[in-house]
Each structure stands twice: as C-alpha cells, then as structure tokens.
Amino acid sequence: LGCDASVATVRFNPYTFNSKLKGFVLEDRGGDTLATFSALRGNFAPWPLRKRVIALEEVQLSAPSLAVRVRDDGALNLLDLVPDTTAAAGASEPAKPAKPWLVRVDRLGVDAMSVTWDDATVEPPAHVAIDSLSLALTSFLTQPGDTAQFAFRFLSRAGGAVRASGFAMPQDGVVETRVDVDSLALKVA
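Here goes a summary of the coordinates provided.

Cut-off values and rules
Every chain is numbered on its own, with residues counted from 1 as its sequence reads. The model is predicted, so local features are restricted to residues of pLDDT at least 70 and side-chain atom pairs to those at 80 or more, both for listing and for counting; the totals for chains, interfaces and linings are taken over all residues. The basis for the side-chain values is all heavy atoms of the structure; hydrogens and waters are excluded. Helix and strand labels come from DSSP, where a helix needs a run of H or I of at least four residues and a strand needs a run of E of at least two; each type is numbered from the N terminus. Only protein chains enter the accessibility calculation, which uses a 1.4 Å probe; a residue is then buried when its area is under 20% of its type maximum, exposed when over 50%, and partly exposed in between. Here, two residues are considered to be in contact whenever any of their heavy atoms come within 4.5 Å of each other. Residues scored as positive are Lys and Arg, those scored as negative are Asp and Glu, and His as well as the terminal groups of each chain are ignored. In this description, the location of a charge corresponds to atom NZ of lysine, CZ of arginine, CG of aspartate or CD of glutamate. Between rings of Phe, Tyr and Trp, where Trp is taken as its six-membered ring, a pair exists when centres lie within 6.5 Å; planes separated by under 30 degrees are stacked, by over 60 edge-to-face, and by other angles tilted. Between Lys or Arg on one side and Asp or Glu on the other, a salt bridge is scored when a side-chain nitrogen of the former is within 4 Å of a carboxyl oxygen of the latter.

Here the focus is the overall build of the chain. Of the regular secondary structure elements, the chain holds 0 helices and 11 strands. Tracing the chain from N to C terminus, the helices and strands come up as β-β-β-β-β-β-β-β-β-β-β. Once the C-alpha set of the chain is aligned to its principal axes, its extents read approximately 55 × 45 × 35 Å. Counting over 189 residues, the chain shows a buried share of 26%. Restricting the contact set of the chain to residue pairs at least 6 apart, pairs at least 24 apart contribute 47%. Distance between charge centres in the chain, computed from 19 positive and 22 negative side chains, equals 11 Å.

What follows is the structure in structure tokens.
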C-alpha cells in the first residue's frame, strides 16, 4: 500500500493463544500519522477453525487514535489504505465457491479512542476532534440474521457527550439503538 507501519512489541502465548501488541503506528503515504494504538490484546480460539469460523473470544483495544485528513488537493488520507486494483493479474478461471468463512467476536472493547478530522480544502482549515470514544460489542457473528449488542460513548473537546446502546444485525443492515446527546457543541458539529 506504500504506507509504513511499526509495532513496538508483540507477544504470543502458544498454549493459551493470547496475544498482545503494543505501540502500533501506521503512517499514510505522505508520512503523516494515520492511526495508532497503545495496546491490542486478543484471545483466539483455534478449535472453531475446523468449521471455517475465526473465533476471537476477547479483543481489547487501548488508546487508539485515527487522524482523518482531507489534503489541499481534496484527496482523503484514508484512501491510502485502499489497494490499487488497476494492476490486477489477467483474468483467470473463477474458483469454485467454497463455504464462506465466518468471523465470531465474543467481546470487543475499545477504550479512550480519539479521532481528529482536518480539512485543508476550506479557509480557514477545519479541525474537529472527538475524545474519549469507547465501544463495547458482544456476540458479533458475520452471519445473516445474527445480532450483536453494543454500547458506545464519546466526548467532544468542544463540549458535550453522546451515548448510544442497542443491538445490530450488521449483515442485514438493521440497527436498533437509543441515543442520548448531552450539551453537544452544534457549531463544531
């Protein structure tokens, strides 16, 4: 992709299938920081692989950050993460479709996430930041008709908080949620 990434430490326990990554940094093609996290902890269950299920019993992401930028030419830095498909190999015989793999996440937690948005195409350049975003997701499965419970909260540097909780059926495009907004700065929004 032409983007540099680094990780300070990686630990994996082959007996318990627990893993931990610390100090992740991903840069965009221009060399600016795009995403970081201080720690990613995961517990992988190997036995469901026999049934074509990637099972993550627990995933915990600590202090991630995402810096979204619209550059002066209007290009979005997140698009640096999309592979170039124009140089794809010649057409080949399509493979026989296999049973699709499923991904199961029993518990996902994201704590203390920050997101910034910078837009260099407007005058003066725009800057918006969201702090203290947290997310909890349980019982997620990439199978149509399956539901996942979620709870989410964020605070804005400009003032205000948003909380949401409910359930979602991601494969079917269904979300039922309650959203509470408290003192959100509408000028920034």
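On the secondary structure map, S134 appears in strand β8 (residues 126–141). With a relative accessible area of 15%, S134 lands in the buried category. Residues contacting S134, with those up to four places away along its chain left out, are V110, D111, A151, F152 and R153.

For any two aromatic rings, the description comes down to two numbers: the centre-to-centre distance and the angle of the planes. Evaluated as defined, the whole model comprises 4 aromatic pairs. Residues F17 and F44 carry aromatic rings whose centres are separated by 6.2 Å and whose planes lie at 65 degrees to one another, so their mutual orientation is edge-to-face. Taken together, the positions of F17 in the loop between β2 (9–13) and β3 (18–27) and F44 in strand β4 (residues 33–45) put the pair 27 residues apart, joining distant regions of the chain. Here F152 and F154 contribute two aromatic rings whose centre-to-centre distance is 6.0 Å and whose plane-to-plane angle is 90 degrees, an arrangement assigned as edge-to-face. On the basis of relative accessibility, which here comes to 29%, the residue F152 falls in the partly exposed class. Overall, F154 belongs to the buried group, its relative accessible area being 13%. Pairwise contacts between aromatic rings join F12, F17 and F44 into one cluster.

Here we take up the pattern of salt bridges. Side chains bearing opposite charge may pair, as long as their charged atoms lie close to each other. Here the structure, examined in full by the defined rule, presents 7 salt bridges. Across the pair R71 and D80 runs a salt bridge whose closest N-O atoms are separated by 2.7 Å. The class of R71 is partly exposed, set by a relative accessible area of 24%. Taking the relative accessible area as the measure of exposure, D80 reaches 6% and is therefore buried. The partner of D180 in a salt bridge is R178, with the nearest N and O atoms 3.2 Å apart. What you see here is one network of salt bridges that share partners, running through D28, R29, R71 and D80.

A few words on unusual backbone geometry. With an omega of -5 degrees, the peptide bond between E123 and P124 qualifies as cis. Within the element layout of this structure, P124 appears in the loop between β7 (102–119) and β8. For F17, which is not glycine, the phi dihedral falls at a positive 60 degrees. Look at A112: it is not a glycine, yet its phi comes out positive at around 55 degrees. With respect to the helices, strands and loops of the structure, A112 is situated in strand β7. Classification of A112 by relative accessible area gives exposed; the value is 53%.

Turning our eyes to something else, we now look at the environment of K99. Residue position: K99 is located in the loop between β6 (65–70) and β7. Judged by its relative accessible area of 54%, K99 falls in the exposed class. In this structure the C-alpha to C-alpha distance between K99 and F150, which are 51 residues apart in sequence, comes to 28 Å.

Treat this as a map of the structure, not an account of what it does.
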